[in-house]
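# Secondary and tertiary structure notes
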Amino acid sequence: MARNPVTWLGTPAFPVAAKKALTDTQLRRNLRKATTTIRGKRSLAVGELPDWEDLRRAGEAVKNEVLSNLDSYLERLERSVTARGGIVHWARDAAEANEIVLRLTKAAGADEVVKVKSMATAEIGLNEALEAGGVTAIETDLAELIVQLGKDRPSHILVPAIHRNRSEIKEIFRREMPDAPATLSDEPRELAEAARAHLRRKFLTAKVAVSGANFAVADTGSVVVVESEGNGRMCLTLPQTLITVMGIEKLVPSWRDLEVFFQLLPRSSTAERMNPYTSVWTGVTPGDGPQEFHLVLLDNGRTATLADEVGRAALRCIRCSACLNVCPVYERTGGGAYGSVYPGPIGAILTPQLMGNLQDKQTASLPFASSLCGACFDACPVRIDIPKILVHLRGKVVSAKGKRGPEAIAMSALAWVMRDPKRFAAAQRAGSLGRFVAKGGRIGRLPWPGSKWTDSRDLPVPPAESFRAWWRRTRG
Amino acid sequence: MASSASRAEVLRRIRIALRDNPQPAPIPRDYDVSRDLGDLIDVFAERVADYRAIVHRVRAERLTVWIDGLLEARGAQRMIAPTDLPEDWLSPDVEWQRDSPPLSIDAMDSSDGVLTACAVGIAETGTIVLDAGVGQGRRALTLLPDYHLCVVRAEQVVGTVPEALARLDPVRPLTFISGPSATSDIELDRVEGVHGPRTLEVIIVQD
Ligand code: SF4
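About the thresholds
Residues numbered from 1 in each chain as written. Chains lettered and ligands numbered in written order. Predicted model: local features only at pLDDT ≥ 70, side-chain atom pairs only at ≥ 80, totals over all residues. Heavy atoms only, no water. Contact = heavy atoms within 4.5 Å. Buried area = accessible area lost by both parts, 1.4 Å probe. Salt bridge = Lys/Arg side-chain N within 4 Å of Asp/Glu carboxyl O. Polar contact = N/O pair within 3.5 Å; in protein donor to acceptor, adjacent residues only side chain to side chain. Helix = DSSP H or I, 4+ residues; strand = E, 2+ residues; numbered from the N terminus. Nonpolar A, V, L, I, M, F, W, Y, C, P; charged D, E, K, R; others polar. Phe/Tyr/Trp six-rings, centres within 6.5 Å; stacked < 30°, edge-to-face > 60°. Buried < 20%, exposed > 50% of the residue type's maximum accessible area, 1.4 Å probe, protein only. pLDDT = per-residue confidence, 0-100.

### Here's the deal with the interface of chain B and chain A
Taken together, the contacts link 75 residues of chain B with 95 residues of chain A. Between chain B and chain A, a total of about 7600 Å² is buried, with carbon and sulfur atoms accounting for 57% of that surface. The three residues of chain B that bury the most area against chain A are E187, L188 and H195 of chain B, which together make up 12% of that side's buried surface. Residues R198 of chain B and E193 of chain A are paired through a salt bridge, measuring 2.3 Å at the closest nitrogen-oxygen approach. On inspection of chain B and its partner chain A, the count reaches 41 residue pairs in polar contact (both at pLDDT 80 or more). The dominant element in the side of chain B that touches chain A, judged by the number of residues it contributes, is helix α1 (residues 2-17) of chain B, at 11 residues. Looking at the side of chain B that touches chain A residue by residue, the classes come out as 36 nonpolar, 14 polar and 25 charged.

### Some thoughts on the packing of aromatic side chains
All names here are of chain A. The final tally for this structure, using the stated rule, is 5 aromatic pairs over all chains. Judged by centre distance (5.8 Å) and plane angle (80°), the ring pair of W281 and F293 falls under edge-to-face. Here the residue W281 occupies a position in strand β9 (residues 277-282), and F293 occupies one in strand β10 (residues 292-298), the gap between them amounting to 12 residues. Classification of W281 by relative accessible area gives buried; the value is 3%. Overall, F293 belongs to the buried group, its relative accessible area being 1%. Arranged with centres 6.4 Å apart and planes meeting at 35°, the rings of Y330 and Y338 form a pair that is tilted. For the pair formed by Y330 and Y338, the shared burial category is buried. Cluster of aromatic residues (ring-pair linked, three or more members): F14, Y330 and Y338.

### Considering the side chain of R138 of chain B
Tracing the sequence through the fold places R138 of chain B in the loop between β6 (127-130) and β7 (147-153). Contacts of R138 of chain B, omitting those with residues within four sequence positions, involve G287 and D288 of chain A together with D99, P102, L103 and M108 of chain B.

### As for the confidence of the model for chain B
With 99% of its residues at a pLDDT of 70 or more, chain B has an overall mean of 95. Note on the complex model: pTM 0.89, ipTM 0.96.

### Some thoughts on unusual backbone geometry
Negative phi characterises most residues that are not glycine, and trans characterises most peptide bonds. The peptide bond linking S100 of chain B to P101 of chain B adopts the cis configuration, its omega dihedral lying at -5°. Within the secondary structure, P101 of chain B sits in the loop between β3 (95-98) and α4 (105-109). With phi around 45°, N300 of chain A is a residue other than glycine that occupies positive phi space. Overall, N300 of chain A belongs to the buried group, its relative accessible area being 4%. With a phi close to 65°, A132 of chain B is a non-glycine residue in the positive phi region. Examined against the element boundaries, A132 of chain B turns out to sit in the loop between β6 and β7.

This is how it looks when you write it as structure tokens:
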């Protein structure tokens, strides 16, 4: 079977990549500035809703409902989309999804597609696959454009170019955008204007657009894209053919369920009451928008993730990126160190599960890329207990590697601490559990500031039971 | 065919993955469906303006005077109108292009703006929703022109997101608009004006 492109070939294991990233002071400064800003704004946006915790619980429950009956909801979605004139495709893995998109693009007579930012298509390496098939993919989201022009890699779910500051962006535009004005300054407004001018013709002439989906409603077949710039609307409205690639977990049962996520998502991601544009479409509407609509349902490791009773909660993720913005490890290492389109806390639990290969050194290092401070869980709008899944996956890594490897030693230190609530509390006070993992897991050089968060929150005690069960088993 | 084999395989994998037969808890709907926000129109006007959209509140009988005045002040000469926009909204001093037969992309792109009605306004989030209903037209009409003038009637404004969704039909093409086109991609700070209309002007009509 082909390698899953969710991780980037050649990225070193997290501790090594992180160490290198830590020496890049510009990167750290850019990240600290951006994440500090967004953290402050997010707490204001969240604080404005008195029922925030109720919304989180509802969001969690809606997603659990979908995951527990995923087969029937997918079949229902397929029926509703088909009834409204859309065409549904199923893809077991990245290669199959890429092949479908390439085939549909060629059938539409296009050698170029405009793209709305989408994690699913980044995960499967669609742009590269299209390129190899003779089709050019044009990223139209400002941050994706910055990454594409800078021949760079994304480092954040929401803002893939978060590691670049305004003057670096100006340099990239000046260098790579032939039509950028010679007088371009680093004023964000001018940079946005340059991107607008650069992409305008492409939008107006594109025959085919490729998008992801934030949500799809099983009952009605409606698909939702949440965005800011209007590049999404351009792609979803102007071309004749629209191809949407969607992870199979992106469903909600009914229209009403979106009332929960339309509140959770914008406040968690861009920290706004509402993002500038949200588009909802159902199949094909005669005379309005694309007259050919394809929905590609993507597995690519999701069913394997679903099979893990603890790990499956990661499939609730709505890709808001709040967990990245509050993570002390992410803030220092940046997204690149995680070697995947999914960085940060969600990446640490999702990437290894999608990859499904814990023998791979880089993949196996990801669940250790955390101090278990728990800030991610508090921020997560669908209440994914990321620390719990991290500990669970660490256990699996160690089982996969045998109990005498360095990770096993690290895990035993961690286990020793965690078995006893008093020791655990002491470890929390001393700094964070990361210290205990550090030695054997060789991530000791990261500054672990966990205490800043741990003081004011509940113990992120990973589910004592399953942890102990793991410990008995591996020690045994 | 590959496709039906893939479909069967994905569904089979899901059924195997769910062999533990997880029993999800019922969905707790304890969150607020509506909420006391004070005067809805005040809140709506204030929050639309928070996104740096331009907001005016006018009395119904003054609406057309306002439309004329705003378009004149902007120097708009060629405006787009959905097919079923009320005739008396069309200022006499402007050249209007109705979307029938459907306007070309270039015609929309080179116009000075578009005037529409809307389906729903959401006070809490300062959002306007278009559903391609009366006076709104197809989606491209409100996307390509650089200026969108939108008329919201007071009775179209609801308090919360749940109240808005209850009024909308999801199988119509919907566009939720919260302020002018913007991006947060440069240092996570919101900057207005990318691909959608860079100026959003809203007229709230009250009796
Ligand atoms: S795990 Fe939660 S906080 Fe992180 S991106 Fe997903 S939904 Fe957002």
